[in-house]
Structures are given as C-alpha cells and as structure tokens.
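# Secondary and tertiary structure notes
One-letter residues, chain by chain:
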Amino acid sequence: MTGSGADALSAAGAPERPAGTRGGDCWTSLVGNAVCPGAGDALGTGNRCGEISRAAGNTVPTERTHDLRDSLAYGTPIPRGDWTIAATRLRRALLHSTQRRRSETSILSADFSGGIDSSSLAFLAANGRENVHCLTSRSFGNPDHDDVRCASRFVRLRRELTHLVVPESEEQLPFADRQASVDQPCAAPFFVGPTKARLAMARELGSTGHLVGEGGDVLFSPPPIYLADLARNGQFPMLWRHCLAWARLRTRSPHQLFRRAMTVGVRGWRGELRTLASRIETGRPAGRESWEDDWIAYWPRPQADWLTVRARHALAGQLREAARRGDPAQDSACADVVTRAWLRHQSRTMDVVRHLGAELGIEVHAPFLDPDVVRAALSVPAHLRADPTAPKRLLRCALTGLVPDCVLSRRTKGDYSGDAYRGVRAAAPWLRRLLADPAVADHGMIEPAPVRAVLEAAIEGRPVPWGPFTQLLALEVWLRGTRTAVAPP
C-alpha cells in the first residue's frame, strides 16, 4: 500500500533525498522557507529537516514508475502526450480512483465546496451509489457564501448525493488550532478548523472514507511562470497571445508581462536563484519591484528585512552555492519546477489532513494526488493546460459527460481571505505572546520587530504577506516543540 502524496511527487519527478541531521544546512533551509516559502527547498537540503515525501493522500495500491521519476530527477523533459490521449487517461484514472474508494467504503463522505475539484470527485463517486454525504463549510464571516449557494444547487442534480452544511464556529477560524507539525514546520495546522469540522460530521454520519479535492489546483491551474517556458522555447506569438489575455484579466500591461517572461526565460532557475540571493543579502530588492516580478516567479517575494544580518549572509551564500552547483531536476521546464514544489507543499498539507482523519477513524483520500492522475495531467505541457479564458481546461475536457456541465463551467471561486483576518484578531493575545520572546530570535534567524509589525498590520486588517508570515509562525511553534537542536552554520 502506498501513499499518494509521496507517489504524486515521484510521478511528477521529485527527487528523493535521504534524511539527515539538523545541522547548519537545516538551519539555513528553515530560514529560507520562513521568509520565502520554497527558497529553502531550493537548497536541496529541505529533507534533512524531516522526510518530505511521505504518504500524503490515500492508501490505494499503485505501481510506481521509476523511469518517469528518474528522467525528471536528471533534467530530461517530462514525457509529453497528445491532449486527447491525456484527457482519456485522466478520465480513466479518476474514475478508477473514486470507484475503488467507493467499493472499499461502506459509507462514503466527500468535501463539496461547489467548486470543480471536490464537486467533480463527489459526482464520480456517486455513480450508481446511494448516500454519498457531501459536506460544505459555511464561511464564518459570510454565511451567505457563493460556495454554499452553488453546492446546494449542484447537489440536487444527482439523487445519490445528500448535502449537509457544516455550521460555522470560532473553533474553525485560522489559528484556533495551534499544534505544531511533527517533522518540519508547516502552516497547515493553523488552517484545519473547517476540515476538522467536516471530518467530525462525517464520523457522526458513520463515514469511514472521505474524499478531498486537494491537488486539483496544482495540476490543472499551471503556475504563471509557464509564460517563461514559452519565451525559452521561442514560442513568441503564443506568449504574446497569453500575455494579452492575462493582461485583460488582471488589468496589467501585456508588454510588462512579456518582458518579465523573457527575463525569467533567459535567466532560468540558476539566474533567478542568484537574483534571489542578492535580494536577500541586501535586505531589499535590487531596483524597482513590480507585480509582474512576483507573479511570474519561482518563489514569492522574500521578506528579507525579517532576517538577522547573519541569517541574510548565510542564506544568500547557500543560494549562490546551489546556483553554482546546479540541480538537473531544476533545469527542466520552469512550470514543472514550480509544480513539483507545489506538490511537495500539498503533500505536507495532506499529511496533516490524513492525521486528522485517522484520529477520527476516517481514511482521507485525495484522488488528484494519485500517481496515474498526476502523470496524465502533467503529460500535457503547462502552456496547453493553461487557458486564461477557460480555467482547468484539461479537467473539464476529461470529465465532460460524467459531471454536470454547470459544475464544470463554474468560473467563480470562494474567497476566504476574510476568515484569515478574523482568525488573527481572535488569536491576537496568543500571537503577541508568541512573538514577544520568539525562539526564532534565540536561534539567530529573525529580527522580531518587523514580524511584530506584520502581526499588528494583520490585526488591523491591512494587507500582509500571509504565506511567509504563517510559515514563520509555524517555524516558531515547531522550534518551541522540537527536541532536536537546530544549529546555525
């Protein structure tokens, strides 16, 4: 029996690295991931802080394809397939995945947000089966949420589905759950409140298996850095068409998008890593910073001003060394590199979700992380999976005829950002105590004053860098709970 989180990474070509000690390399990796999520992993030492590629999604037996994993690990292109063939394989893999779970579970439940990912899995699982319990969370601050309305409408299209709305409560707000992850810092436990509530309701219904839609966004909404791949491959007419379409949607200049894509395409992973090192070492960006720089990127904007001088120099040096040393796995298509990083993050999140389910006696399954599903999706190049005017085009093509058209054609997506602000205000006393005398400062990683300023901005409802901020909080909680010393280099 294999776990789909680990297998998804193998299917996507993520190289497996041995675990090691928590020495200087681990210290630098932790610092990098705290101020710029994903940067620490770029050092190639992230797994020394704990095993990343663990069982993360399900327990369905699958055959691992080592040739695909190894080919990507050594930088050769992802084996590509015809669009029609890929859609057929994806359709077959998702049907097999959901039907297997259905046959192995007497009472099945599923997340049902009203979005295309989780809703599609519920419809596939309901094919000829009575009483698949579909659970929708209601936003704490917006009870009349668009997701709830869409879910209520969609569930009536199939008699096998029963719909339940999970009542909102303050216990579901972000930061209400303050437990640290075990192997390495992970912000997912801060945001599991709604998932925990859905699983608790599933247990009351007698469910022993639960479907979640994790992985759908990663596979079917390619990272914007795919535009740099078009530039690298000389596909300039297509690049310009995509830049025009995205510019209209984002109200940006297509010329700036085009220039940014060309810059990243020319620099590649190594060049962007050196640029990141310079930004971190100086504690500020080199030159003017733009929205396009953040959007078409391997990593988010680093919060370098949080770092101590020692941490800035240590991290910048390690990043430059990683760029000099190179990594064949990072020399593949830009979008593939970012997708693998997203899959690693998804794998860690699914570890947390599966642990929650296990505590309640429920196996949590993520069919989109099954290796066959990952292979089918990634066999189509990112620029063909990406369509600014038609989100998740490959998934919609694969499931046409199996899932109602109104589900596949939904364009809107629920916005839960307001819950993050409500959660941080509710947890403000705890968060202030956490950052009053932080362990990250004791370890020589972070200057606490800038981070406290971000916390106060979040409490006041102002824009903040949520990704780095929550990852830093996860690192703080993890350092307080770990029994292993993390020594600086």
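Rules used throughout
- Residues numbered from 1 in each chain as written.
- Predicted model: local features only at pLDDT ≥ 70, side-chain atom pairs only at ≥ 80, totals over all residues.
- Heavy atoms only, no water.
- Helix = DSSP H or I, 4+ residues; strand = E, 2+ residues; numbered from the N terminus.
- Contact = heavy atoms within 4.5 Å.
- Areas by Shrake-Rupley, 256 points an atom, 1.4 Å probe, with all protein chains shown as cover.
- Salt bridge = Lys/Arg side-chain N within 4 Å of Asp/Glu carboxyl O.
- Buried < 20%, exposed > 50% of the residue type's maximum accessible area, 1.4 Å probe, protein only.
- Pairing = 2+ DSSP bridges.
- Axes fitted to C-alpha atoms, helices over the stretch in contact; angles between N-to-C directions.
- Parallel < 35°, antiparallel > 145°, perpendicular 65-115°, else oblique.
- Nonpolar A, V, L, I, M, F, W, Y, C, P; charged D, E, K, R; others polar.
- Expected span 1.5 Å × (residues − 1).
- Phe/Tyr/Trp six-rings, centres within 6.5 Å; stacked < 30°, edge-to-face > 60°.
- Lys NZ or Arg CZ within 6 Å of the ring centre and 35° of its normal.
- Left-handed = near helix turned anticlockwise from the far one by under 90°.

Within the protein, the secondary structure is distributed over 23 helices and five strands. Pairs at least 24 apart in sequence give 80% of the contacts found in the protein among residues at least 6 apart. Counting only carbon and sulfur atoms, one obtains 51% of the accessible surface of the protein, whose full area is about 20,000 Å².

It is worth spelling out the pattern of salt bridges at this point. Scanning the model with the defined rule gives 21 salt bridges in all. Between arginine 410 and aspartate 147 there is a salt bridge, with the nearest N and O atoms lying 2.8 Å from each other. Within this pair, whereas arginine 410 is found in the loop between α18 (405–408) and α19 (417–426), its partner aspartate 147 is found in helix α6 (residues 146–155), the two being separated by 263 residues in sequence. For aspartate 147, a relative accessible area of 5% corresponds to the buried category. A cluster of three or more residues bridged by salt bridges with shared partners is formed by Arg260, Arg267, Glu272 and Asp293.

Burial of the side chains of strand β1 (residues 108–111) extends over both faces: Leu108 and Ala110 are buried on one face and Ser109 and Asp111 on the other. Alignment of β1 against strand β4 (residues 209–211), held across three bridges, turns out to be parallel. Note that in β4 the partner of alanine 110 across the bridge is leucine 211. With three bridges joining them, β1 and strand β2 (residues 132–137) adopt parallel strand pairing. Opposite serine 109, over in β2, you have histidine 133 as the bridge partner.

In contact at an axis separation of 8 Å, helix α11 (residues 254–282) and helix α13 (residues 309–325) are set at 170 degrees when each is read in the N-to-C sense. Between α11 and α13, the interaxial angle falls into the category roughly antiparallel. On α13, the residues touching Trp269, Arg270, Leu273, Arg274, Leu276, Ala277, Ser278, Ile280, Glu281 and Thr282 of α11 are Arg312, His313, Leu315, Ala316, Leu319, Arg320, Ala322, Ala323, Arg324 and Arg325. Class assignment for the residues of the contact of α11 with α13 results in 10 nonpolar, three polar and seven charged.

On the basis of which strands lie adjacent, the open sheet formed by five strands has the order β3-β2-β1-β4-β5 and parallel pairing. Of all the strands in the sheet, just β3 (161–166) and β5 (363–365) have a single pairing partner and so form its edges. The average angle at which neighbouring strand axes cross in this sheet is 25 degrees, direction not considered. In terms of strand pairing, β2 meets β3 through six bridges, oriented parallel. Residue pairing in the sheet places histidine 133 in a bridge with threonine 162 of β3.

Mapped onto the fold, alanine 426 is located in helix α19. For the pair alanine 426 and leucine 173, spaced 253 residues apart in the sequence, the C-alpha separation amounts to 8.3 Å.

Turning our attention to the environment of leucine 395. Position of leucine 395 relative to the elements: it lies in helix α17 (residues 393–399). In sequence terms leucine 395 and alanine 377 are 18 residues apart; their C-alpha atoms lie 8.3 Å from each other.

Let us look at helix α7 (residues 193–204). In an α-helix there are 3.6 residues to a turn, and that puts residues three or four apart on one side. For α7, with 12 residues, the first-to-last C-alpha span of 17 Å sits near the 16 Å given by 1.5 Å per residue. Buried residues of α7: Gly193, Thr195, Ala197, Arg198, Leu199, Met201 and Ala202, and no others. On its buried face, α7 is in contact with β1, β2, β3, β4, α14 (334–359) and β5. In the segment just after α7, glycine 206 is the residue with positive phi, at about 90 degrees.

Moving on to the packing of aromatic side chains. A complete count under the given rule lists 11 aromatic pairs for this structure. Between tryptophan 240 and phenylalanine 258, the aromatic rings sit 5.9 Å apart at their centres with planes inclined by 70 degrees, giving edge-to-face as the arrangement. Of the two residues, tryptophan 240 sits in helix α10 (residues 236–250) while phenylalanine 258 sits in helix α11, which places them 18 residues apart along the sequence. The class for phenylalanine 258 is partly exposed, based on a relative accessible area of 21%. Note on tyrosine 298 and tryptophan 299: the rings are 5.2 Å apart at their centroids and 35 degrees apart in plane angle, and the pair reads as tilted. The lysine or arginine in question, arginine 393, covers the ring of tryptophan 83, its NZ or CZ lying 4.2 Å from the ring centre.

Where helix α4 (residues 83–104) meets helix α15 (residues 371–378), the axes come as close as 8 Å, and the angle between the chain directions of the two elements is 165 degrees. Accordingly, the angle class assigned to the pair α4 and α15 is roughly antiparallel. Crossing hand, α4 versus α15: left-handed. Here α4 contributes Ala86, Arg89, Leu90, Ala93 and Leu94 to the contact with α15, which in turn contributes Asp372, Val373 and Ala376. Of the residues in the contact of α4 with α15, the class split is six nonpolar, no polar and two charged.

What follows concerns the environment of valine 486. You can see valine 486 is positioned in the segment after α23 (466–481). Residue class for valine 486 comes out buried when judged on its relative accessible area of 5%. Considering only alpha carbons, one finds valine 486 and cysteine 26, 460 residues apart in sequence, at a separation of 7.1 Å.

Function-wise, these values are silent; they only describe arrangement.
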